There are 2 protein chains.
Amino acid sequence: MTDASRVEPGSIGELTTPALVVDLAAFDRNVAAMAEALPGPALRPHVKAFKSTALAARLADAGHHRFCAATIRELEGMVAAGLTEDLLLANEVVDYRRLGRLADGGASITVAVDSPETVAAAAGGGVSQALIDVNVGLPRCGCAVADAGRLAEAARAAGLEVRGVMGYEGHLMMVDDLDEKRAKVEKSMGWLLEAHEAVGGDIVSAGGTGTYAVNTWANEIQAGSYCLMDTQYDTLGLPFEMALSVVASVISVNARGWFVVDAGLKAFGMDHGNPTSLRGEVMFCSDEHTTIKPDDLGMPAVGERIAMLPAHVDPTVAKHPQFWVTGGEAGGDLTARPVVDRWEVDLLHW
Amino acid sequence: MTDASRVEPGSIGELTTPALVVDLAAFDRNVAAMAEALPGPALRPHVKAFKSTALAARLADAGHHRFCAATIRELEGMVAAGLTEDLLLANEVVDYRRLGRLADGGASITVAVDSPETVAAAAGGGVSQALIDVNVGLPRCGCAVADAGRLAEAARAAGLEVRGVMGYEGHLMMVDDLDEKRAKVEKSMGWLLEAHEAVGGDIVSAGGTGTYAVNTWANEIQAGSYCLMDTQYDTLGLPFEMALSVVASVISVNARGWFVVDAGLKAFGMDHGNPTSLRGEVMFCSDEHTTIKPDDLGMPAVGERIAMLPAHVDPTVAKHPQFWVTGGEAGGDLTARPVVDRWEVDLLHW
């Protein structure tokens, strides 16, 4: 989507807005903190959070070589980028043809299955490895614990290698109290371990950014949001910083007490509510605008650039063609901050 | 974003899901109904609602040759597609360089201005025509009525031809009662006409899908959602039908009373709430899933395709690379409906 003929911007002030911006120092600290907590294969980074093979390559450099994804398109992109060591499609799919083409390239592809139909899709498509996806309390995908063993048998009978189990305790990500969260995750993972007994295999895959620190029952954690973060995860007191913002331009100011920037519904994931402005209170978002009541810093000038913080990282990233990566430290003149890299969001759509 | 090597699908059942689908018969009826109400230049279709030059070309075929847009990227795409007769950037922008490149190509470009800074951007960039954007009650862009004449003078002094005024009564789109809506729009347009007195020029541009029928004060209406519609506009009793859906595949069913499809937060604009399922009650959306409680039709099978209706058309379209256009009449077997065309969503991003 990017026009290659455009000169690469040298500073935030030269970017076309709205622009998705990564603070490289904060990103690197997030990656290092997670790599210390869950080194190497203990973390299976989830590419759905950032949809960029350039970003994924940085996580591989930090020691994580096994990735998971939510869509076939994401896996196709990871294969094309050579990040093929051990790829998990941590989701159910029924598209035989594209699954088969993925496996043909020689990448190591494992898919989640939770039904005879998804087993048939994997086997029919030519994928050779599977995890049994088990429902651990979130009303979404995953078979019943009691059905896991039988499904594993069916998968093996269909020619699939069953490498273990996965389950996603997504309903527990935002539990605030750490003791309560640990107790609930323990119960949830109890179901997964019970299923694992019946299924066999080496892998017990679960978790996310909200539970990575308390989920000691899974032997690999599927997390992706931690490296960029958003204002919702930022309420949890995790050892990760906000590394993502959307830089917008002020396009209108009104003496009656508001200003308007050129980033709106099409630049932010809105399911967790409005983005946060560092220059005032967000009143509402329109397609290509956000109206903001200025704080004590007063009214900005038309043309000024301000940073906005997304409430939900995954769907925000999915609205942009690229990350612009900024160096130096935050706090100074936003416009002057250098742009040191561009990471394409190359795993968009399906 | 589309892989040209893929065979064009011949039916809904062959599409990669989630897929944005237009019902051609319903779309054509919507376009015809609007063209009858507001023929030719009485409607200035707003491309922000559909972000597709292929769709815009159909509106040109229906007699509307003057378009408006919300971003420079949208205008660039319209120029590239040759839809250049009279293009209005109905929004404030401060990017001199790209404005200038637009005008260089010989297209007729008019931009909205509401401040000395946006006048300077237009004049500095080489655009030669402007509308004075007037605030008519929505707390967003637009100058005060009392400032409109002075701003027009400044624009003319900067070398711009001032063609008239625009204002967007966006806060009145969803007023339910028609008499109340007409009275409020009259008041709002009273301000715009007062500004027009001071500004001069031929154009009084305003309105949208929610007010097109009552706004008799503007001499051109900016509407785009009408041709595709969404579940929010569908509550207003307008003479337009739902022509847009997202077709999803069932990927998991659970005997405890829900099923899961492969379209979620990344496939739907979420700011007007959840999409509507034709097969049950939507429980919640995740990034790539929606969990649905089945209705009296019962549990669908894994692999089955179902249509979902978006709550907000504009940000939904902006999440997809293309429209798949289906022929025939609705009501039969969804999977078998023929795909008769593909309209690229070629005006994405900024």
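As the structure is a prediction and not an experimental result, all values here were calculated from the model. (Residues numbered from 1 in each chain as written. Chains lettered and ligands numbered in written order. Predicted model: local features only at pLDDT ≥ 70, side-chain atom pairs only at ≥ 80, totals over all residues.)

**Details of the interface of chain A and chain B**
- Listed as interface residues are 47 residues of chain A and, on the opposing side, 47 residues of chain B.
- Sorting the residues of the side of chain A that touches chain B by element identifies α5 (116–125), β9 (244–254), β10 (258–261), β12 (280–285) and α8 (313–317) of chain A as the ones contributing at least two each.
- Per element, the largest residue contribution to the side of chain A that touches chain B is 4 residues, and it comes from β9 of chain A.
- Considering only residue class, the side of chain A that touches chain B consists of 20 nonpolar, 15 polar and 12 charged. (Contact = placed C-beta atoms within 7 Å. Helix = DSSP H or I, 4+ residues; strand = E, 2+ residues; numbered from the N terminus. Nonpolar A, V, L, I, M, F, W, Y, C, P; charged D, E, K, R; others polar.)

**Focus: the domain arrangement of chain A**
All names here are of chain A.
- Examined at the domain level, chain A breaks down into domain 1 (12–20 + 240–344) and domain 2 (39–222).
- The C-alpha-based centres of domain 1 and domain 2 are spaced at 34 Å.
- Here the side of domain 1 that touches domain 2 takes 3 residues from α8, the largest share from any one element.
- Tallied by class, the residues present in the side of domain 1 that touches domain 2 amount to 5 nonpolar, no polar and 2 charged. (Domains from an automatic or database assignment.)

**Concerning helix α7 (residues 178–199) of chain A**
All names here are of chain A.
- Between the first and last C-alpha of α7 there are 30 Å, a value that for 22 residues agrees with the 32 Å anticipated at 1.5 Å per step.
- Those residues of α7 not exposed but buried are Lys 181, Val 185, Ser 188, Met 189, Trp 191, Leu 192, Ala 195, His 196 and Val 199. All buried residues of α7 fall inside an arc of 145 degrees around its axis, so they share one side. In α7, those exposed residues whose orientation departs by more than 90 degrees from the buried face are Asp 179, Glu 180 and Glu 197. (Expected span 1.5 Å × (residues − 1). Buried ≥ 20, exposed ≤ 12 C-beta atoms within 10 Å, placed from the backbone. Arc of directions from axis to C-beta.)

**Quick look at the relation of the copies chain A and chain B**
- Superposition record for chain A on chain B: RMSD 0.0 Å, screw rotation 180 degrees, translation along axis 0.0 Å. Taken together, the rotation and translation relating the two chain copies correspond to the operation of a two-fold axis. (Least-squares fit on C-alpha atoms with pLDDT ≥ 70 in both.)

**Re the pairing of strand β6 (residues 161–166) of chain A**
All names here are of chain A.
- As paired strands, strand β5 (residues 129–133) and β6 are joined by 5 bridges and run parallel to one another. Residue pairing for β6: Ala 130 is matched across the bridge by Val 162.
- On the question of chirality, the crossover connecting β5 to the parallel β6 by way of helix α6 (residues 148–157) is right-handed.
- The pairing of β6 with strand β7 (residues 203–206) spans 3 bridges and is parallel. In the sheet register, Gly 164 faces β7, and the bridge partner there is Ile 203. (Pairing = 2+ DSSP bridges. Right-handed = clockwise from strand over helix to strand, strands pointing away.)

**Side note on α5 of chain A**
Residues and elements named next belong to chain A.
- Residues Thr 118, Val 119, Ala 121, Ala 122, Ala 123 and Gly 125 constitute the buried set of α5.
- Of the surrounding elements, those touching the buried residues of α5 are α4 (96–104), β4 (109–113), β5 and α6.
- Phi for Gly 126, located one or two positions after α5, is positive at around 95 degrees.

**A few points about the sheet that holds strand β2 (residues 66–69) of chain A**
Residue and element names in this part refer to chain A.
- Strand order in the open sheet formed by 7 strands is β2-β3-β4-β5-β6-β7-β8, with parallel pairing between adjacent strands. Two strands close off the open sheet at either side, each with one partner strand: β2 and β8 (220–221).
- Note that strand β3 (residues 86–89) and β4 share 3 bridges and pair parallel. If you follow Leu 87 over to β4, its bridge partner there is Ile 109.

**Focus: the environment of Ile 292 of chain B**
Residues and elements named next belong to chain B.
- Residue position: Ile 292 is located in strand β13 (residues 290–294).
- Judged by the 27 C-beta atoms lying within 10 Å of it, Ile 292 falls in the buried class.
- Put simply, Ile 292 and Val 282 are 10 residues apart on the chain and 4.4 Å apart in space, counted from C-alpha to C-alpha.
- Sequence-distant contacts of Ile 292, defined by excluding residues within four places in its chain, comprise Trp 258, Phe 259, Val 261, Ser 277, Arg 279, Gly 280, Glu 281, Val 282 and Met 283.

**So, the sheet that holds strand β4 (residues 109–113) of chain B**
Residue and element names in this part refer to chain B.
- Strand order in the open sheet made by the 7 strands is β2-β3-β4-β5-β6-β7-β8, with parallel pairing throughout. Edge strands, defined here as strands with exactly one partner in the open sheet, are β2 (66–69) and β8 (220–221).
- When β2 meets strand β3 (residues 86–89), the two strands line up parallel, connected through 4 bridges. Looking at the pairing, Arg 66 lines up with Asp 86 of β3.
- On the sheet, helix α7 (residues 178–199) packs against β5 (129–133), β6 (161–166) and β7 (203–206) and is oriented at approximately 165 degrees with respect to β6. (Axes fitted to C-alpha atoms, helices over the stretch in contact; angles between N-to-C directions.)

**Section: the packing of helix α6 (residues 148–157) of chain B against α7 of chain B**
Residue and element names in this part refer to chain B.
- Two numbers describe how α6 lies on α7: the axes approach to 8 Å, and their chain directions differ by 40 degrees. Here α7 runs oblique to α6, going by the angle between their axes. Note on packing geometry: the crossing formed by α6 with α7 is right-handed. Residues Ala 148, Gly 149 and Ala 152 of α6 form the contact with α7, whose own contacting residues are Ala 195, Ala 198 and Val 199.
- When grouped by side-chain class, the residues that make up the contact of α6 with α7 number 5 nonpolar, 1 polar and no charged. (Parallel < 35°, antiparallel > 145°, perpendicular 65-115°, else oblique. Left-handed = near helix turned anticlockwise from the far one by under 90°.)

**Topic: unusual backbone geometry**
- Residue Pro 18 of chain A follows Thr 17 of chain A across a cis peptide bond; omega there is 0 degrees.
- Within the fold, Pro 18 of chain A resides in the segment before β1 (19–23).
- Of note, the phi angle at His 349 of chain B is positive, near 65 degrees, even though the residue is not glycine.
- Following the sequence through the fold, His 349 of chain B ends up in the segment after β16 (339–344).

**Structural notes on the packing of helix α3 (residues 72–80) of chain B against helix α4 (residues 96–104) of chain B**
Residues and elements named next belong to chain B.
- Between α3 and α4, the shortest axis-to-axis distance is 10 Å and the interhelical angle comes to 20 degrees. Classified by the angle between their axes, α3 and α4 sit roughly parallel to one another. Note on packing geometry: the crossing formed by α3 with α4 is left-handed. Residues Ile 72, Leu 75, Glu 76 and Val 79 of α3 pack against Arg 98, Leu 99 and Leu 102 of α4.
- For the contact of α3 with α4, the class distribution of residues is 5 nonpolar, no polar and 2 charged.

**Concerning the environment of Arg 256 of chain A**
Residue and element names in this part refer to chain A.
- In this fold, Arg 256 is placed in the loop between β9 and β10.
- On the basis of neighbour counts, which here come to 8 C-beta atoms within 10 Å, the residue Arg 256 falls in the exposed class.
- Counting along the chain gives 37 residues from Arg 256 to Lys 293, while the straight-line C-alpha distance between them is 9.7 Å.

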